[in-house]
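# What the coordinates show
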Amino acid sequence: TTISGTAATGFNITNTILEKRSIHVTKKWIGSEGTGATIHLFANGHEVDSVTLNAGNQWQHTFEGLKKKNTDGSEIQYTVKEDAITNYDSSITGDMENGFTVTNTNTEKISVPVKKVWVGKEADSATIKLLADGTEKESVTLTKDDNWEHTFSNLPKYADDGHEIEYTVDEVHIDGYSTTISGTAATRFTITNTILEKRSIHVTKKWIGSEGTGATIHLFANGHEVDSVTLNAGNQWQHTFEGLKKKNTDGSEI
């Protein structure tokens, strides 16, 4: 009710129907969920209610029994706002007619350390690539000056669609070395390069008594056959196996 006018001019008593409305709000997360989020409801810029959303209420709430009209008959404008949450950006979409959606995007950053180990003589440098979900993101060249170590920093933990990014590393091939990669993004990647030294092994066939027509010799590396040759008078009963790896990947001798 509003009353205007005077006794001299006459009074006008205006009654405005107090229509009610409901406003729904939903919380969405991109990345890991927080433990809770406080949403404030404003009418014409003045706070009139609030609610804490969490997994228990399925991250949604309906504000009910809200006045629809101002005393002058115009429509009350309702908006929502969220308390800031550490490591999240917040955006609000929707309106009071269709409901509001409050979206929080995780902005956490992580670091990925990497260390280079050499088995045998060191090369001058090594180029390491950082991969995010299998796609190269950046690279670094390691040398003795930086102790063969580096940390890729300020990396997003989550992708735009909310999944946690898988970080891996790879190395640009170095001639004369084998490469093994161990560890994880969380614990540190270790990239081990083993120099592929070569060796030659000579074998000679001797006979006591009359010679046979030929003899097949098998070469084994750590118990596994890697080559063979048939010796005979044509090759003077001898052969040299060449270009053989000298080291195992752990640096021990084959």
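Everything below is about the structure printed above this text.
These numbers were taken from a predicted model, which means no experiment stands behind them. Sequence order as written defines residue numbering, which begins from 1 separately in each chain. The predicted nature of this model means local features are confined to residues of pLDDT at least 70 and side-chain atom pairs, given and counted, to a pLDDT of 80 or more, with totals for whole chains, interfaces and linings taken over all residues. To obtain the side-chain values, all non-hydrogen atoms of the structure were included, while hydrogens and water were left out.

### Structural notes on the side chain of Lys-116
Note on conventions: DSSP H or I runs of at least 4 residues are helices, E runs of at least 2 residues are strands, and numbering of each starts at the N terminus. On the secondary structure map, Lys-116 appears in strand β10 (residues 109-119). Three exposure classes are used, based on accessible area relative to the maximum for each residue type with a 1.4 Å probe and protein chains only: buried under 20%, partly exposed in between, and exposed over 50%. Residue classification places Lys-116 among the buried residues on the basis of a relative accessible area of 3%. Between N or O atoms, a polar contact is any pair within 3.5 Å; within protein, one atom must be a potential hydrogen donor and the other a potential acceptor, and residues adjacent in sequence are included only when both atoms are from side chains. In terms of polar contacts, Lys-116 uses its side chain to reach the side chain of Glu-171, at 2.4 Å.

### Some words on the nonpolar core
Among the nonpolar cores identified, the biggest contains 23 residues, and Val-112, Trp-118, Ile-128, Leu-130, Phe-152 and Tyr-167 are the most heavily contacted of them. The set of elements that each furnish at least two residues to this core consists of β10, β11 (126-132), β12 (135-142), β13 (149-156), β14 (167-171) and β16 (188-195). In terms of residues, this core owes the most to one element, β11, which gives 4 residues. Once you skip the residues sitting within four places of it in the chain, Trp-118 turns out to touch Ala-123, Ser-125, Ala-126, Trp-148, Ile-174, Tyr-177 and Asn-193. If you look at the next biggest cluster of nonpolar residues, it comprises 18 residues, including Ile-39, Leu-41, Trp-59 and Phe-63. Joining through side-chain atoms within 4.5 Å is the link that ties buried Ala, Val, Leu, Ile, Met, Phe, Trp, Tyr and Cys residues into a set, and such a set is a nonpolar core. Here, two residues are considered to be in contact whenever any of their heavy atoms come within 4.5 Å of each other.

### Quick look at the pairing of strand β4 (residues 37-43)
Most of β4 sits out of view: 6 of its 7 residues are buried. Summarising the sheet, β4 and strand β5 (residues 46-53) pair through 7 bridges and their orientation is antiparallel. Residue pairing across strands places Phe-42 opposite Glu-47, the latter belonging to β5. DSSP calls a pair of strands paired once it identifies at least 2 bridges connecting them. What sits between β4 and β5 in their antiparallel hairpin is a turn of 2 residues, with Asn-44 showing a positive phi close to 55°.

### Details of the sheet that holds β10
Within the open sheet, the 4 strands sit side by side as β13-β10-β16-β15. Their pairing is mixed. Pairing within the sheet leaves two strands with one partner each, and these edge strands are β13 and β15 (177-184). Neighbouring strand axes in the sheet, compared pairwise and without regard to direction, differ in orientation by 20° on average. Where β10 and β16 come together, 6 bridges link them in parallel fashion. In the sheet register, Val-117 faces β16, and the bridge partner there is Thr-192. Comment: axis = line fitted to C-alpha atoms, over the contacting stretch for helices; angle = value between 0 and 180 degrees taken between N-to-C directions.

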